[in-house]
Amino acid sequence: MNRRIILVATIMMLASTVQGQQLLTLDQCRQRALDANKGLKMSEEKCNETANLKNVALCQMLPKVGAVGGYVWTDKSVNLLSDDQKERISHIGDQVQSDISASLHHDLGNLPIGGEAIADALSNALGNTSLGTNLNNMGNDVVQGLETDTRNMGIGLVSVTQPIYMGGKLRALYRSAQLADRLSNVEYDKKREETLIAVDEAYWQVVSVKQKKALAEQYADLLKQLTENVEEMVKAEVATNGDLAKVKVKYNEAQMSLTKATNGLALAKMLLAQRCGMPLDSDFDISDMAPGISIESTDSIDMEQVWQRRHEMQLLRISDSVAQQAVVMAASSLKPNVMAMGGYMFSNPNVFNGFQNEFGGTMTAGVVVNIPILHPGGIYSVKAAKAKQREVAYQREEAQEMIELQVSKLNYERELAFKKLDEAQSNLQQAVENMKLADESFKAGVCSSSDLMAAQTAWMQAKSEVLDAEIEIQMSSVYLQQAMGK
């Protein structure tokens, strides 16, 4: 019964330990880093920004509809007539009647018989008519009709404008916005790749230190066993205290190396946790992966494909296209611009109906043409844009040469790492055989403890070199894949 209780308690403790400590694979670390990286989130928002700016550039080609309105109060109205003109027009009937009477007396007064009498009779008859009054009323109506009550004026305009030809500027602007959108997406991919590379470096650093720690533990266990054996030999007087002291010194050194490896593992895990967006004191372990990724040799690498895949070359190709559009935009300042316009204008008072206190308006339509005649600055702008385009072309050529050199160098380093691994594995086999023989000789009493410690140290160094070569192969493979744009 007691055994069952102890077994259950042990299982529960192990389960709680496993639940408390996460086991992370490389893919999980990568995903955590992508989710937590702030720079990647900023790049994502940059992509959203350029996508919207592309739509803004597209809208520059579409018609624009706008409305504007206003209200103005003045203490005086606009007068189309002067005060003297108002006075004359208001009394135009009296003036006409007076002029007719004077003309009658002038023309009929010269008659030999009764001219003045006839003129007076006609003048009296004209005075008895309503001609003067009617004309005065008509004059007053005209004066009142020309009165403009513009002290309270409201105006408005609804307009539509449509670019017809802007010298190719709008098309180049939209094309540049498309290229900027592509540029931000490539930069996002580049940032994502850099994030993954940083995680890979930290992950494999943890793998390396973890394996070095395990090796240090094995080495310390060997020396611990050797120390116990030498102590027994000293008791049996077949070994000296000097031999025991040498073994203990070596054991202490192994313990110090183990402590350093333990601290190094903690620091490496902290770096990995930081790059994965986890707290630095997170309790987790990693799942080791076998190194050695198959990549083609330099002879089979197609550099044209590499240049197509590399983010740096993609950025330079986009920059070259942007420079081409800059030339078009600079040249557009030397070309005519044509724009169609239309709208509806209204006001109150109604200027189209005698300034009546009512709304009235009219439709408008037209075409605006702007033809540049003398613009010396535009010529120099085109030359500057073309110079920038040639500069980007030279940058592309230089980048191609540097990428080819980088791929060749990394592929050579990877092949060299494989050679190092072969040599290290061969040395390890020899060190294992040598340690086995030294252990058997020590147990047989034909080998000293110093010789056995030397064999064990050689084994540990050979094993450490194998671990270093495996990690070097892994990282060189990662770097080569990055250099090839994969």
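The residue count restarts for each chain, going from 1 along the sequence in the order it is written. With the structure being a predicted model, the display of local features is reserved for residues of pLDDT at least 70 and the display and counting of side-chain atom pairs for 80 or more, all residues being used for whole-chain, interface and lining totals. The side-chain figures draw on all heavy atoms in the structure; neither hydrogens nor water molecules are used.

> Looking at this structure, I do not really get the pairing of strand β5 (residues 337–348). What am I missing?
Within a regular beta strand, the side chains point alternately toward one face of the sheet and then the other, so they alternate between its two faces. Should DSSP find at least two bridges between two strands, the strands are taken to pair. Helix and strand assignments come from DSSP, with helices taken as H or I runs of at least 4 residues and strands as E runs of at least 2, each series counted from the N terminus. The pairing of strand β3 (residues 152–165) with β5 spans eleven bridges and is antiparallel. Residue pairing in the sheet places P163 in a bridge with M339 of β5. Examined bridge by bridge, β5 and strand β6 (residues 360–370) share eleven bridges and lie antiparallel to one another. In the sheet register, G342 faces β6, and the bridge partner there is A365.

> How should I be thinking about a negative patch on the surface in this particular structure?
Together, E397, E398, E401 and E404 line one region of the surface with negative charge. On the secondary structure map, E404 appears in helix α12 (residues 376–444). A patch is a set of surface residues, each over 30% in relative accessible area and not in a salt bridge, joined within 9 Å for like charges and within 5 Å for the nonpolar side chains Val, Leu, Ile, Met, Phe, Trp and Tyr. Areas reported as accessible are Shrake-Rupley estimates using a 1.4 Å probe. Residue values count occlusion only from the protein chains shown. Just to be clear on terms, a salt bridge is a Lys or Arg side-chain nitrogen sitting within 4 Å of an Asp or Glu carboxyl oxygen. Asp and Glu count as negative and Lys and Arg as positive, but His and the ends of the chain are not part of the count. For charged residues, the charge sits on one atom: NZ in Lys, CZ in Arg, CG in Asp, CD in Glu.

> Explain helix α13 (residues 449–483) here, please?
An α-helical segment advances 3.6 residues per turn. Residues three or four places apart therefore align on the same side. Counted at 1.5 Å a residue, the expected span for α13 with its 35 residues is 51 Å, and the 50 Å between its end C-alpha atoms agrees. Positive phi appears at G485, one or two residues downstream of α13, with a value of about 75°. One less than the number of residues in a helix, times 1.5 Å, gives the span that helix is expected to have.

> Help me out: how do you make sense of a nonpolar patch on the surface in this one?
On the surface, a cluster of nonpolar side chains totalling about 460 Å² of accessible area is made up of V65, V158, V160, Y344 and M363. Of note, Y344 is situated in strand β5.

> When you look at the sheet that holds β6 in this model, what are you seeing that I'm missing?
Backbone-to-backbone hydrogen bonds pair the strands of a sheet. The strands run either parallel or antiparallel. The strand order across the open sheet built from four strands is β2-β3-β5-β6, with neighbouring strands paired in antiparallel fashion. If you trace the sheet from one side to the other, it starts and ends with β2 (64–73) and β6, each paired once. Put simply, the sheet's adjacent strands are angled 20° from each other on average, direction ignored. To obtain an axis, a line is fitted to C-alpha atoms, over the contacting stretch when the element is a helix, and the angle between two such axes runs from 0 to 180 degrees between their N-to-C directions.

> Even after reading the chapter, I still don't get the packing of helix α2 (residues 26–36) against helix α8 (residues 169–235), so can you show me in this structure?
How two helices sit against one another is set out by the angle between their axes and by the gap between those axes. Two elements in contact, α2 and α8, have axes whose closest approach is 9 Å; the angle formed by their N-to-C orientations is 135°. Taken together, the axis directions place α2 and α8 in an arrangement best described as oblique. When the axes of α2 and α8 are compared, the crossing they make is right-handed. Where α2 abuts α8, its residues L26, C29, R30, A33 and L34 lie against R192, T195, L196, V199, D200, Y203 and W204. A per-class count over the contact of α2 with α8 returns eight nonpolar, one polar and three charged. Oblique is the label for any angle not under 35 degrees, not over 145, and not in the 65 to 115 range, which are roughly parallel, roughly antiparallel and roughly perpendicular in turn. Should the near helix be turned anticlockwise from the far one by less than a right angle, the crossing is left-handed, and should it be turned clockwise, the crossing is right-handed. Throughout, a residue-residue contact means that at least one pair of heavy atoms, one from each residue, lies within 4.5 Å. Charged residues are taken to be Asp, Glu, Lys and Arg, nonpolar residues to be Ala, Val, Leu, Ile, Met, Phe, Trp, Tyr, Cys and Pro, and polar residues to be all remaining types, Gly included.

Spatial relationships are all this shows, so hold off on functional conclusions.
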